[in-house]
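# Topology and contacts: notes
Residues per chain, in single letters:
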Amino acid sequence: IKLTLAPNRKTCVKTSHKLPPEFLNNVSKSRTNFISSQNCQDTNALTLILITSARKNGEYRNWYREVYSKLDRVEYRFIIGQAPPSEHIDDTENVENEIKNYSDFVVGNFTDTYRNLIYKTHAAYQYTQGTLFNFKFLVKIQIFGKNSNF
């Protein structure tokens, strides 16, 4: 697994989970590499929840944080892409602040657009190959926000 680290960030890496072969074929690895901003938290989590989200859905991510942070042995990660050229500067700053303040992002090496949703999903599954989590259950969900492209 190829991993590009954000400056001054520590990332947990261990290859223990294998993807099915169909997730490894026909996808350009250069489009699904990711920058990970999270530190290890509960490596004994039974469930890992991968949440794909549009960058502008910060309010929804806060709701998920509030709910999932109360659950025992559950870890979650929000999967987002890079800012598209059309993203409003306020949205970009909000996401950058979230990344600095929380340890729950996997940022893909692709533009965050609906058209690239397949790369976001692939990056999420690719991330599971390199975690220290000893999870037994993997859940993947999608945030559909108000006026969302997704």
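Residues numbered from 1 in each chain as written. Predicted model: local features only at pLDDT ≥ 70, side-chain atom pairs only at ≥ 80, totals over all residues. Heavy atoms only, no water.

### Structural notes on the nonpolar core
Soluble, globular proteins show a tendency: their nonpolar side chains are buried together. Ranked by size, the top nonpolar core spans 13 residues in total, and within it I51 and F78 carry the most contacts. When contributions to this core are tallied by element, the ones reaching two or more residues are β3 (47-52), α2 (58-68), β4 (74-82), α3 (89-101) and β5 (105-111). A per-element tally of this core places β4 first, with 4 residues. Counting 8 residues, the second largest nonpolar core, distinct from the first, contains L48, L50, I79 and V106. (Core = buried A, V, L, I, M, F, W, Y, C linked by side-chain atoms within 4.5 Å. Buried < 20%, exposed > 50% of the residue type's maximum accessible area, 1.4 Å probe, protein only. Helix = DSSP H or I, 4+ residues; strand = E, 2+ residues; numbered from the N terminus.)

### A closer look at the packing of aromatic side chains
Counted according to the given criterion, the structure contains 6 aromatic pairs. The interplanar angle of 70 degrees and the centroid separation of 5.7 Å between the aromatic rings of Y76 and F78 together place this pair among those described as edge-to-face. A residue is classified by how much of its surface remains accessible, and F78, at 0% relative accessible area, is buried. Ring centres of F78 and F105 lie 6.0 Å apart, and the angle between their planes is 45 degrees; this geometry places the pair in the tilted category. Here F78 is found in strand β4, whereas its partner F105 is found in strand β5, with 27 residues between them in sequence. Take F78 and F105: they sit in the same class, and that class is buried. By the ring-pair criterion, three or more aromatic residues cluster together here, those being W63, Y64, Y68, Y76, F78 and F105. The ring of Y102 has R65 lying over it, and the distance from NZ or CZ to the ring centre is 3.8 Å. (Phe/Tyr/Trp six-rings, centres within 6.5 Å; stacked < 30°, edge-to-face > 60°. Lys NZ or Arg CZ within 6 Å of the ring centre and 35° of its normal.)

### Topic: α3
Taking 1.5 Å per residue as the helical rise, α3 with its 13 residues ought to reach 18 Å, and the 18 Å between its terminal C-alpha atoms agrees with that figure. Those residues of α3 hidden inside the fold are in contact with α2, β4 and β5. (Expected span 1.5 Å × (residues − 1). Contact = heavy atoms within 4.5 Å.)

### Let's talk about the pairing of β5
The buried count for β5 comes to 5 of 7 residues, which makes it a mostly enclosed element. Relative to β5, β4 is paired through 4 bridges, and the arrangement is parallel. The residue of β5 that forms the bridge with I79 is V106. (Pairing = 2+ DSSP bridges.)

### Overview of the environment of Y102
Position of Y102 among the secondary structure elements: in the loop between α3 and β5. With residues up to four places along the chain from it excluded, the contact list for Y102 reads N62 and R65.

### Side note on the confidence of the model for the protein chain
Should the pLDDT be low somewhere, the predicted coordinates at that spot are not to be read in detail. Per-residue confidence for the protein chain gives a mean pLDDT of 77, with 66% of residues at or over 70. Of all the helices and strands in the protein chain, strand β1 (residues 3-5) carries the lowest mean pLDDT, 36, while α2 carries the highest, 94. In this model residues 1-16 is a low-confidence stretch, pLDDT under 50, and it forms 39 contacts with partners more than four residues away in sequence or in other chains. (pLDDT = per-residue confidence, 0-100.)

### Structural notes on helix α4 (residues 117-129)
With 13 residues, α4 ought to run about 18 Å at 1.5 Å a step, and its terminal C-alpha atoms sit 19 Å apart, in line with that. Among the 13 residues of α4, 11 are classified as buried, and the element is accordingly described as predominantly covered.

### Re the environment of T52
Its place among the elements puts T52 in strand β3. T52 sits 88 residues away from K140 along the chain, and the two C-alpha atoms are 7.7 Å apart. Within the local environment of T52, its side chain forms a polar contact with the side chain of Q142, the two groups lying 2.4 Å apart. (Polar contact = N/O pair within 3.5 Å; in protein donor to acceptor, adjacent residues only side chain to side chain.)

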